[in-house]
Amino acid sequence: MIRLVQKQDIDELAVIYKELYDNADIGENWTIEKAKELLLYWYDKQPDLFFVDIEDNIPVGAIVSGVKAWFDGPRLIDTEIFVSDKCQKKHIGKSLMLEHLKAAKIKYNAYMIEFHTYGEESEFPQNWYNRIGFEKDEELIIMHANIEEVLQKLGYSPNSENDANKTVYPFENYSYQDLSNLYSKLTVGDKAYIFDMLPDYAYLDNESEKEYIESRITAMKNGAEIHLFMIGSKKKLAELKKNSLFQYATQTCFHNSKIYVLTEEEMKSHCLDEYFQLAQGLYYGERNGFKEAFRDLWVNNDNIGIMIREASILKHIEESIQSILEKISSDEMKVDILSDKEI
């Protein structure tokens, strides 16, 4: 049965939305909370075009669009359509699209519908859209940008004398070289927690990457306690096993330091909130002139949270780290640990 969404449907629809993007593996790391925020946004903005399909009294899919005035008439934009994996190939998406477009035509006299999708043209979902009459726009180009990066390139500085509000972020920017220098200075009594989420640029054969890894080893040799978490997909970890720099990094560990190698699937299964916090970046540093998420946290007598000065953020991060460590020590999470090697 297809009807307009009711507020009590949102919780179950948020679970479906998150699971679909988890399976799509396109780099969008949704949490149930964020999915719920999005769907509540649409519920408030366009409830008259927000349709849900109910099967056995349970929401299994939904569709919604915004309406924008355009030169050729009202246009449907930013369309979201999603159906639970458990109910695929039952023509639910087709039925939702039909009811949605009928309502948009009758109520708004909508002329055109446009939205973003993903994947190869010959595969789902693009091939499904093609079958029901959609075409890829060959002229429009989708632009996106990190707002902080654009502000920086436009000359805006939150600490500028011209900034009347004097906005101060609780982060400090560190270059790749700065991080290497800082690691080399850590010594007995210092601790560092590092979360390496293994992006595409990880463990490249270049001097900056080598120097960064050497600096962490230097910190261990100087008596600092380093906890390095290497988190990636099964595919990524399998690829890195052949990488000599990766092998070197995992085979060097001294003075109670530990290196944990675990799959992102294991993290998602046991530490979902912590995983998405890490995937989105705990805080920001700077690499090659561009702002980027770093996941390095120092804890020592002089500089607790050397890149973070906000006590509430530090407390939250340290609680997350403790949660991960407890699940590793209790064998709740499967993980390879390399530790306690002598120099």
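Going by the structure above, here's the rest.
Attention in this report is confined to the structure presented alongside it.

1. Section: the sheet that holds strand E4 (residues 75-83)
Phase 1 of the analysis: As summarised here, the arrangement of the five strands in space is E1-E2-E3-E4-E5, forming an open sheet in which the pairing is mixed. Looking along the sheet, the strands with just one partner apiece sit at the ends: strand E1 (2-4) and strand E5 (112-113).
Phase 2 of the analysis: With seven bridges connecting them, strand E3 (residues 58-68) and E4 associate as antiparallel partners. Residue pairing across strands places Ala62 opposite Phe82, the latter belonging to E4.
Phase 3 of the analysis: Along the sheet face, helix H2 (residues 32-45) touches E3 and E4 and points at about 135 degrees away from the line of E4.

2. Remarks on the environment of Asp196
Phase 1 of the analysis: Examined against the element boundaries, Asp196 turns out to sit in strand E6 (residues 191-196).
Phase 2 of the analysis: For Asp196, a relative accessible area of 13% puts it in the buried group.
Phase 3 of the analysis: Note: C-alpha distance between Asp196 and Ile231 (35 residues apart in sequence) is 6.1 Å.

3. A word on the nonpolar core
Phase 1 of the analysis: With 25 residues, the main nonpolar core has Leu186, Tyr203, Ile226 and Met230 as its most contacted residues.
Phase 2 of the analysis: Looking at this core, the elements with two or more residues in it are helix H6 (176-185), E6, helix H7 (207-221), strand E7 (225-232), helix H8 (234-240), helix H9 (244-250) and strand E8 (258-263).
Phase 3 of the analysis: When residues of this core are assigned to their parent elements, the largest contribution, five residues, is made by H7.
Phase 4 of the analysis: If we ignore the near neighbours within four places in the chain, the residues touching Ile226 are Leu186, Ala192, Ile194, Arg216, Ala219, Met220, Ser257 and Lys258.

4. A closer look at the pairing of E6
Phase 1 of the analysis: Counting buried positions along E6 yields five of six residues, so the element is predominantly enclosed.
Phase 2 of the analysis: Two elements, E6 and E7, share six bridges in a ladder whose sense is parallel. Each residue of the ladder has a partner; that of Lys191, found in E7, is Glu225.

5. Points about the packing of aromatic side chains
Phase 1 of the analysis: For the coordinates displayed, the defined rule picks out seven aromatic pairs.
Phase 2 of the analysis: Ring centres of Tyr17 and Tyr21 lie 5.0 Å apart, and the angle between their planes is 40 degrees; on these two criteria the pair is classed as tilted. Highlighted residues: Tyr17 and Tyr21, both in helix H1 (residues 10-24), separated by four residues, approximately one helical turn. Here the two residues Tyr17 and Tyr21 agree in accessibility, since each one is buried.
Phase 3 of the analysis: On the basis of an interplanar angle of 90 degrees and a centroid distance of 5.1 Å, the ring pair of Tyr17 and Phe82 is categorised as edge-to-face. Pair noted here: Tyr17 is in helix H1 and Phe82 is in strand E4, with a separation of 65 residues, a long-range link.

6. Description of the pattern of salt bridges
Phase 1 of the analysis: Per the counting criterion, the structure on display carries seven salt bridges.
Phase 2 of the analysis: In this structure, the salt-bridge partner of Lys34 is Glu37, at a minimum N-O distance of 3.8 Å. Of the two residues, Lys34 and Glu37 both sit in helix H2, three residues apart, roughly one turn of that helix.

7. Some points on the pairing of E8
Phase 1 of the analysis: Along E8, five of the six residues are buried, which leaves the element largely enclosed by surrounding structure.
Phase 2 of the analysis: Sheet topology places E7 next to E8; six bridges connect them, and they run parallel. Considered in E8, the bridge of Ile231 is made with Leu262.

8. Some points on the side chain of His100
Phase 1 of the analysis: Locating His100 in the fold gives a position in helix H3 (residues 92-108).
Phase 2 of the analysis: Residue His100 is classed as buried on the basis of its relative accessible area of 0%.
Phase 3 of the analysis: A distance of 3.0 Å separates the side chain of His100 from the backbone oxygen of Leu49, its partner in a polar contact.
Phase 4 of the analysis: Excluding residues within four positions of it along the chain, His100 makes contact with Leu49, Phe51, Ile63, Val64, Ser65 and Leu76.

Parameters and conventions
- Residues numbered from 1 in each chain as written.
- Predicted model: local features only at pLDDT ≥ 70, side-chain atom pairs only at ≥ 80, totals over all residues.
- Heavy atoms only, no water.
- Pairing = 2+ DSSP bridges.
- Helix = DSSP H or I, 4+ residues; strand = E, 2+ residues; numbered from the N terminus.
- Contact = heavy atoms within 4.5 Å.
- Axes fitted to C-alpha atoms, helices over the stretch in contact; angles between N-to-C directions.
- Buried < 20%, exposed > 50% of the residue type's maximum accessible area, 1.4 Å probe, protein only.
- Core = buried A, V, L, I, M, F, W, Y, C linked by side-chain atoms within 4.5 Å.
- Phe/Tyr/Trp six-rings, centres within 6.5 Å; stacked < 30°, edge-to-face > 60°.
- Salt bridge = Lys/Arg side-chain N within 4 Å of Asp/Glu carboxyl O.
- Polar contact = N/O pair within 3.5 Å; in protein donor to acceptor, adjacent residues only side chain to side chain.

Bear in mind that shape data such as this cannot, by itself, settle questions of function.
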